[in-house]
Amino acid sequence: MPEFLDIKHLDAGYGRSQVLFDVNLGIPWRGGVAVLGRNGAGKTTLMKTIVGELPAWKGEVAFDGRDISRRATQERVRAGIGYVPQEHSVFARLSVRDNLAVGSLASSKADAVDHVLSIFPKLGQRLDQPAGTLSGGERKMLAIGRAMLGDPKLLLLDEPTEGVWIGVIEEITERLIELAKEIAVIIVEQHLDLALRVADYAYVLDRGRVALQGEAGEVRGNPELLRYLAP
Amino acid sequence: MSAASVRTQRRSAMPLLEAAGIKKIFGKLTALDGAALTVGENEFHGLIGPNGSGKSTLMKCIAGAEVPTQGKVSFVNTDITAFTPTERARAGMSLKFQITSVLPTLTLYDNILLALQAQSSLLDLVFSRTRGALHDQVMTMLTQFRLADRAFDAAAALSHGQQQWLEIAMALAGKPKLLLLDEPTGGMSLEERRVTGELLQPIKKHCSLVIVEHDLDFIRDICDRLTVLDQGKVLASGTVSEIQANKSVQEIYLRRA
Amino acid sequence: MANAFVAAFEILSFGAIIVLIVLGLGIIASMMGIFNFAQGEFVLLGAYITYLAYAGGLPIWAGMVAAPFVVGALGFVLEALIIRRFYAAPIVAMLGTYALGLIIRESVRGLIGGFYLTVPEPIGGSIDIGAMHISAWRFTIIVITLLVMGGCYLLLSRTSFGLRVRATLENPSLARASGISTPLIYGATFAFGAALAGLAGALIVPVFSLFADLGLRFLIQGFVAVMVGGVGSFIGPVAGAGVIGTLSAALPWVMAPVVADVLVFVLAIIFIKFRPQGLIAGKGV
Amino acid sequence: PAPWANAAEAPIKVGIATDLTGPIAYAGNADANVAKMVIKEINAAGGMLGRPLELYIEDTASNESVAVGNVRKLIQRDKVDMVLGGITSSMRNAIKDPIVARGKTLYIYPQLYEGKECTPYLFCTGPTPAQQCDEFIPWLIKNGGKKFALPSANYVWPHTLNVYARKVIESNGGEVVFEEYYPLDQVDFSSTVNRIISNKVDVVFNTVIPPGVGPFFKQLYEAGFLKNGGRLACVYYDENTLNINQASEIEGLASCLDYFKVLTKENPFDAKIQAAYEKDFPGNFLFAAGSAATGTYRGLKLWEAAVKEAGKLDRESVAAALDHAKIAEGPGGPAEMVPGKRHCKMKMYTAVAKGGNYEIVGRSDGLVDPKEC
Amino acid sequence: MPKSMSVVREAIAGDEADDAMAEREAAGQVAAGRRVLPIVEGVVLVAALLAPLVLQDYLTVFATRVIILALFALSFDLVWGYAGIMSFGQALFFGSAGYGVALLARDLDITNIFLVLPAGTIIGLTFALLLGGFLLLGRHPSSVIFVSLGTLTGSYAADRLARGWYYLGGQNGIPSIAPMTLGGYEFSEGPAFYYLVLGILVVVYLLCRFLVRSQFGLALAGLRENEQRIAFFGYKAQHLKAIIFTIGGGVAGLAGSLYAFHEGFVWPNMVGVVVSTQVVLYVLFGGSGTLIGAVIGAIIVEGVSFWLSDNYRDIWPIILGLLLLLVILFRPLGLISFVLGERERVGSFGANPKEKRNAAP
Ligand SMILES: Nc1ncnc2c1ncn2[C@@H]1O[C@H](COP(=O)(O)OP(=O)(O)OP(=O)(O)O)[C@@H](O)[C@H]1O
Ligand SMILES: Nc1ncnc2c1ncn2[C@@H]1O[C@H](COP(=O)(O)OP(=O)(O)OP(=O)(O)O)[C@@H](O)[C@H]1O
Ligand SMILES: [Mg+2]
Ligand SMILES: [Mg+2]
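Residues numbered from 1 in each chain as written. Chains lettered and ligands numbered in written order. Predicted model: local features only at pLDDT ≥ 70, side-chain atom pairs only at ≥ 80, totals over all residues. Heavy atoms only, no water.

As recorded in an unreviewed UniProt entry, chain E goes by ABC transporter permease protein and comes from Bradyrhizobium diazoefficiens. Per UniProt, chain E carries the Subcellular location (unreviewed entry) text "Cell membrane". (UniProt positions renumbered as here; feature names shortened; annotations may be inferred.)

Chain C is annotated in an unreviewed UniProt entry as Putative Branched-chain amino acid ABC-type transport system of Bradyrhizobium diazoefficiens SEMIA 5080. In UniProt, chain C has this text filed under Sequence similarities (unreviewed entry): "Belongs to the binding-protein-dependent transport system permease family. LivHM subfamily." In its Subcellular location (unreviewed entry) section, the UniProt entry covering chain C states "Cell membrane".

Here it is in C-alpha cells:
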C-alpha cells in the first residue's frame, strides 16, 4: 500500500540556490511524523514544497495516490492538506473572527469554530481584534485553530508552539496526539519532547538532506541526533 | 514577594531602567494594568508570563513602540516617557521585536553595518572615515553568530532561526546600555538556545538585558532576576530562586491560559 | 426655501455622481491595494459603449446595461494579463495602470476624433415641482447610485466573497494555504471594480457628453476621495466620495469657483494629514 | 509635376504647427487639412515665384512642451519660410518666441482670440473681440434682453473678451448681472445656473469651454432657462460644437463668426472651397470657423499674396508686404490686413442654432475692423 | 568553547563543500567581478560629450532639453529610488523654480546665471522643505501611499493655482523669457547651452553619487526597506527622509530654472501632474535606484517620443503607452536591469568584496 504522502527524490530551493537535496519521505494515513533539524536545515522549505508554495525542482510529491507536484497550493489544500506556516501565519488586518471564518470556508461542520474556541478560550475573548495585534502566543493559537477548521486529512505544522506558554503547549500537545489518531500530522518542532510525543516516526534534516530517520524512540536514543541539532 | 521588596531592591542598586505604574489600554482591553519593571546596571532580567499577559506590550512601552496610557519610564535617571523611539535608541536602548524584522534586500553585512552606525551624525554618515575600522566589527559579529559565510547574501534568504540571530546581532551592534530582547530564541533548538545564552553572557560587562522567554530553563540559566506578569499586572519580581519558590507563580504554571 | 431645496438636490446629485465613479476605484484600492490610474478610462469605456449603442441605433438602455458587463470582462482579462504581476509593488502598479489608461484613452480619442459627442438621456427632461425644475436623469442617477451601493454592501458583507477578497489581499500565500483560489479572486475583484466604473460611465455620459478625457477628469478627485474616506473598507471610499463630491458642488455656492476648486484639495490633504486612517478607519466591510 | 520656372531653387517651405493629437485634435487636423488643400491649390496654379511649395506639418500635441520641441524642428531642421499654427492662446504664447524671436521666422496665428497680441512678425488672421462683439451684442440686446450673465472659463481669452464685451453691453444700454470664472474642467454648474435663473437673466454670454460647456447648457436647459425665453450666446460656437448637446438643449443659441457652413447656399466661393475640402477630407474634421480652419485658409492666402508682391522670401520683405495684403475671396468673403496692425479685417455673420443647424440672422455691411494694436 | 560546538565547526568545514554554498559564491563573484555600473556611466558620459559634434543644430537644442530633463529625473531618483519616497509631485519643485526665475527675469530683469540658478535651486529647496515637512514629519510615519497622493495633490493644486492666478499669466504662462546671461554673454540655445547643462548634470550627478554611496546612502536603503525598524536603531528616519526630499527638490529646482531659460517660457503644466508623471516614467523606464538609470530613462523616453511623433504622428501616444507597459511588465526594474544585477542595483555599502574573501572563515 502506498504512503498517504509520498515524497521521492525531491529537490527544491529558492531562485538559483538549492536547499533540498534528494529528499525521500513517506507519511502514513494517520499518525504523527516529526521533522527535525537545526536552523536553516530546510524544514520550512520542505513544508512549503509540500503545500506548493515553492515549486519542486525535481522529484515527485504524491498525495493520496495522486501526483500533486504540479498543482496549485489552493488545490492541494482543498484536497485535504492543512498548513500552519512558521511566519505570517494569520491574516493580520482581519479580525480573529474573520480569520476563523476564512479557515472554515471549506468546512461543512457548523460547530467547528466553537470547537476551536473551546480549545483556545483566549481567542474567544479577542474575537473582534485584528489578528495582527494579538500577542505572539495568541497568534500561534489562532493559526493552529484556523488550519484545523479546514478538516484536513494531512496537517503540516511548522513550529506550532514557538512563543507559546508552557501551559498551553501541554494543551496543544494533547490535542495533536488526539488528532494524530485520526489524520496524518507532520510537525516541525524544536521542543524535542513534544515532537516525539506527537510523532511515531521522525526525520532529521541536515543541510537539505535526510540525515537520520526512524521510529520516534529510536531517533530519540540516537547519539548522532544531538550533533544534527546543534548549530 | 511583593512590591515592597521591589522597592528595597531599587534603593540598593541604582536602577538603569525604571518603569512604574504602566497602564496600557487597547479599546476595551487593559493589556497592562500598573505594571512595573526595574532593571539595575549589568543586570540580566527575565520577563515571563502566560500568553497575552502583556510582556511584549511592556517591552514596547519601554522602547517607545507603544505609548503607555498611563505611567512613567525613566532611563539613566531621565524621564523618557515622552521620548520617541529614536531618542530612546540614542539614549542607549535597543529592542529586538518578537516578530523578526530584518531589512530583507540588504546583505547581512549591511544590516549589521546599519545597526552599528545608528548613532552617527549626518555628517559622519556622509563623510564617514570609519568604514575600515567598522569592517572588523561587522565581521566579528557575523562570525560570532555563525553567519559570516552568508555575509553577502540578502537577509531575506535566511531561515527563521538565522534571522533571529541576525536580529540579536543587530540589536547588540549599537552597543546599547540596555538590550530588550523579545523571545530571541523562538524557533531555536535546545542546543542553539544554549549557544545564544553563551553569546549573551559576555555583554554583561557593559550592558543590561531584559529578555522575554517562555523557556524557563533558558531563563534560569542566564538571568539574575525575574519579573512575572499575569493579566497585565506584576505577579512577582525577584531573584530566580525567590520566584521559583513563589506560590502564586507556581499556581499560574498549573493554570490553563 | 425652494432655492435651498434645489441647491440641496443639485449638490446631492453631484455627490452621487462622484460616489458612483469612486465606487469601483475604492473597491480596487481597498481590496487590492492598487490605485488604478486606468479607472478613469474604464469610466470612459462605459460611456463609449453607451454611445456606440446609441449611434448604432440601439436603445440607450441597452448600451447602459451592456457597458458594465463589457468593461468588467475587459477588466478580468487585463487583470490576468497585466495587473496580476504588480501586487507586490503598488507603485509600479500605478505606473502600469497609468500606461494602460493612456493606451485606452488615446485609442478612444482616435476613435471619436477628439470630439464632444452627445448621448441623450433615457429619461429626459425635468421633474417640475411648482416653479422648480429638477433634472429627471440626475434624479435617476441618485436612485441607481443608492441601489448599487446597497448591492455592493450586501455582496461584501453578506457573502463570503468579501472575506475571500480581504484575506487574499492581506496575505495571498496564506490565503492559498487556506484553500482560496487567489487568481480567481483577484480577477473577479478587479473585474467588479471595472464593471462599476463602466456602469458609472454609462450613466454619466448623458450628463457630461462623451469625450476622451471624461474619465481622467474625475480621477484625481477620486483618489483624493478614497484617501479621505480611508482605504481598507468599502464604506470608507464611499463616504470620502460623498464628502468630496458634495464639497466640490457646494463650495461654489458660497465662494469664487476658482478658489473653491483649489480649496477642496487643500482641505482634503490637511484632513488626511491629521487623520491618516481616513474618515472611516478601515476594517470590516 | 508642373515644370517650375525656378525649379533650380529649392521649394518654398511652409510650416504648420498644430494640435494633431490631444484634446483639440479635431481642430488641429482640420487646420492641417486646410493647409494641404491650399498648398495643393497654389502648386496646381504654378506655385509661387516659380517655385513649388512644400508643406511641413508638426504636431503641437496640445502640450506646450512637446510643441516647442516640434516647432524647433520646423525652424532649425526644416528651415521653413513661415510658420502658421497654434490654436489656443497658451500654445501661441509658447511657440511664438521660438518662432519669432529666437527663430527669426514669420508667424501667422489663425484662431479667433482675445486680441492684444502685438508682437512684430506675428500676424493674426482670426476674428478679434471687436469683430465678434460690435455687431453681435446689440443684436443680442434686441433679440434677447438687457440682462447679461458672463459665465466664463478661467483663462485669458474669456477674461479679455469679457472686458470688451462688458463695454459694448453697457454702452448699448445692457447690464451685466454677473461675471464669474470657473476652472477649465469644471463640469458642475448648479450654483451658476441657480444664479442665472433667480436673477432672471436674459442673455447668457458664455465663454465656458468644453468639457464644461455641455453639462452647463444641459443644466440651464433643465432648469427651464430656454423655456422662459432666455437666449444663449457663445462666440466660438460653430458646426463642431453643435454636437456637444442635444439640439433641443441649445435651440436658439446665437454665435458670431467669420464663416458658417450655411453660407455655401448663398455664396458660390464658399460653396467651392467647402466642396473642395469635403472632397479631399471627407472625415470628421469639419471646415469650421471656431477651429481656425477659416483663419488658416485666409492666413495662407494672404501670405501668398504678400510673397507674390514682395517677389522674395526673406522675413522683412514678406512682412512688409503682408502688412497690407488683401484677398478678394476667402471663406465668408474678402479679407485684408490692417496696415501697421498685423490683424485682419473680415466679414462677420451672426447665426442662430435651429434644430441642430445654423441660420444666418445677421451680417456685417462690409469688412469689420479688428481694432487691435 | 564547548565540545559540541567544535564538532559543528568540523562539520561545516567538512567534506560536503556543498553546492548551495558554491552557488552563493558564484553569485557573489558576479556582483564582485564585473561592476557594470561604472562602465554604463562612462559610456553615457562619452556619448553625451560627443553628441553636439555629430548632431545637427536643432538636435543639439533638443539634446540640451533632454539633458535638463535628465537632471530633473535625477532629482526624482534620489527621492524615490533611494529613499523610497514616492513623490508624484516632483514637478511642483521643477515648475515653481521655473516660474520663479521667469518672474525674476520678467519683473526684475535678473538673468545673471549666478543669481538665477541659485535662486531656482533655493525655490525648489524651499517648496520641497515645506511640502516634505508637512507630509513626512510628524508623530506618525506617513505611508507611501499618503505621500504619493499628497505630493500628487500638491502638484495638482499648484497647477490649478497657476492656471487661475493672473499674475502668473494664468493658463498662458509666462512667455518670452529673456535669455540667461553671464556678464554680457547670452546663453541662447545651442552647443554652449548644451555644455553648460551637461557640466551641471555631471557635477550634480557626482555629488548625488557620492551621497548615495556613502553611509548616508546605506541609511536611506534601510529607510526604504523598513522605516520603523531603523528608527528603533536610533536613526532619525523622518529627518533623513525630509533631507533627501529637500535635496531632491533643490535639484529639481535647478533643472526647472534651466528649463525655463532654455525653452523661453513657463506654463502651468510645468508644475502639474503631467510633468510629474513624466519624470516618474523616465526613472521607472530607465531603472530606479541607480542614478544612471534615471538619466538613461530620460534620454530614451524623450528620444523615442521624439522619433515616434515624427514617424507615427497619429498613434504615437498609444505606442508610447504600449512601450511603457512592456517595460513595466517585463523589466519592472527598468531597462538598466538588462545589464545590471539585482545585488549591484541595491548596492553593497560594506567592505569591498576582496576583503570578504579573507574575512570569511
Ligand atoms: N527566500 C529565500 N531565498 C533564498 N534562500 C533561502 C530563502 N529562505 C530560506 N533560504 C535558505 O534555505 C535554507 C533552509 O531554510 P529553511 O527556512 O527551510 O530552514 P529551517 O530548517 O526552517 O530553519 P529554522 O529552524 O531556522 O526555521 C537556509 O540556508 C536559508 O538560508
Ligand atoms: N494593538 C493592540 N490592540 C488590541 N489589543 C492588543 C494590541 N496589542 C496587544 N494587544 C493585546 O494585549 C495583550 C497583551 O499582549 P502582549 O503582546 O503584550 O502579550 P505577551 O505577554 O507578549 O504574550 P506572548 O507571550 O503571547 O507574546 C494581548 O491579549 C493582546 O491581544
Ligand atoms: Mg523554519
Ligand atoms: Mg509577546
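Read on for the rest.
Caption draft 1: Representation of the sheet that holds strand β2 (residues 53–59) of chain D within the structure. Residues and elements named next belong to chain D. Read from one edge to the other, the open sheet built from five strands follows the order β2-β1-β3-β4-β5, with strand pairing classed as parallel. Strands with a single pairing partner mark the edges of an open sheet, and in this sheet they are β2 and β5 (122–124). In this sheet, adjacent strand axes meet at a mean angle of 20° when their direction is disregarded. Along the sheet face, helix α10 (residues 293–310) touches β1 (12–18), β2, β3 (82–85) and β4 (106–109) and points at about 165° away from the line of β3. (Pairing = 2+ DSSP bridges. Helix = DSSP H or I, 4+ residues; strand = E, 2+ residues; numbered from the N terminus. Axes fitted to C-alpha atoms, helices over the stretch in contact; angles between N-to-C directions. Contact = heavy atoms within 4.5 Å.)

Caption draft 2: Structural detail: the site of ligand 1. Contacts to ligand 1 come from 22 residues, most closely from Thr44 and Thr45 of chain A together with Ala157, Ser159 and Gly161 of chain B. In this structure ligand 1 sits where residues from chains A and B come together. The separation between an oxygen atom of ligand 1 and a polar main-chain atom of Ala41 of chain A is 3.2 Å. Ala157 of chain B has a polar backbone atom sitting 2.4 Å from an oxygen atom of ligand 1. Computed on the free molecule, ligand 1 has an accessible area of 640 Å², of which 86% lies beneath the protein chains in the complex. Every element with two or more residues in the shell around ligand 1 is listed here: α1 (43–51) of chain A together with α7 (160–173) of chain B. Class assignment for the residues of the shell around ligand 1 results in six nonpolar, twelve polar and four charged. (Near = heavy atom within 4 Å. Polar contact = N/O pair within 3.5 Å; in protein donor to acceptor, adjacent residues only side chain to side chain. Areas by Shrake-Rupley, 256 points an atom, 1.4 Å probe, with all protein chains shown as cover. Nonpolar A, V, L, I, M, F, W, Y, C, P; charged D, E, K, R; others polar.)

Caption draft 3: Layout of the nonpolar core. Of all hydrophobic cores here, the largest spans 442 residues; its most connected members are Ile112 and Leu200 of chain B, Phe205, Tyr237 and Trp303 of chain D together with Leu71 of chain E. Ranked by residue count, the leading element in this core is helix α1 (residues 2–32) of chain C, at 15 residues. Of the residues that make up this core, three or more belong to each of domain 1 (17–92 + 178–256) and domain 2 (100–175) of chain B. Of all hydrophobic cores here, the second largest spans 32 residues; its members include Leu10, Val61, Leu154 and Ile186 of chain A. (Core = buried A, V, L, I, M, F, W, Y, C linked by side-chain atoms within 4.5 Å. Buried < 20%, exposed > 50% of the residue type's maximum accessible area, 1.4 Å probe, protein only. Domains from an automatic or database assignment.)

Caption draft 4: Spotlight on the site of ligand 2. Not every one of the 22 residues close to ligand 2 is listed here, only the nearest: Ser135 and Gly137 of chain A together with Lys55, Ser56 and Thr57 of chain B. Ligand 2 sits at the junction of chains A and B, each of which supplies nearby residues. A distance of 3.3 Å separates an oxygen atom of ligand 2 from a polar backbone atom of Ser53 of chain B. In the complex, the protein chains occlude 91% of the 640 Å² of accessible area that ligand 2 would expose alone. In the shell around ligand 2, the residues fall into five nonpolar, 13 polar and four charged.

Caption draft 5: Just the side chain of Asn70 of chain D, in detail. On the secondary structure map, Asn70 of chain D appears in helix α2 (residues 64–77). Not counting the four nearest positions on each side in its chain, Asn70 of chain D is found in contact with Glu58 and Asp59 of chain D together with Ser309 of chain E.

Caption draft 6: Fine view of unusual backbone geometry. Cis geometry is found at the peptide bond from Pro210 of chain D to Pro211 of chain D, where omega equals 5°. Even without glycine at this site, Lys175 of chain B takes up a positive phi of about 50°. Within the fold, Lys175 of chain B resides in the loop between α7 and β7 (178–182). At Ser62 of chain D, a residue that is not glycine, the phi angle is positive and equals roughly 55°. Here Ser62 of chain D shows up in the loop between β2 and α2.

Caption draft 7: View of the coordination of the magnesium ion (ligand 3). Donor atoms from the polypeptide that bind the magnesium ion (ligand 3) are Thr44 of chain A (OG1) and Gln86 of chain A (OE1), placed at 1.9 to 2.1 Å. Here Thr44 of chain A, found in helix α1, pairs with Gln86 of chain A, found in the loop between β6 (81–84) and α3 (96–103); they are 42 residues apart in sequence, far enough to count as distant. (Donors = N, O, S within 2.8 Å, 3.2 Å for Na, K, Ca; no water.)

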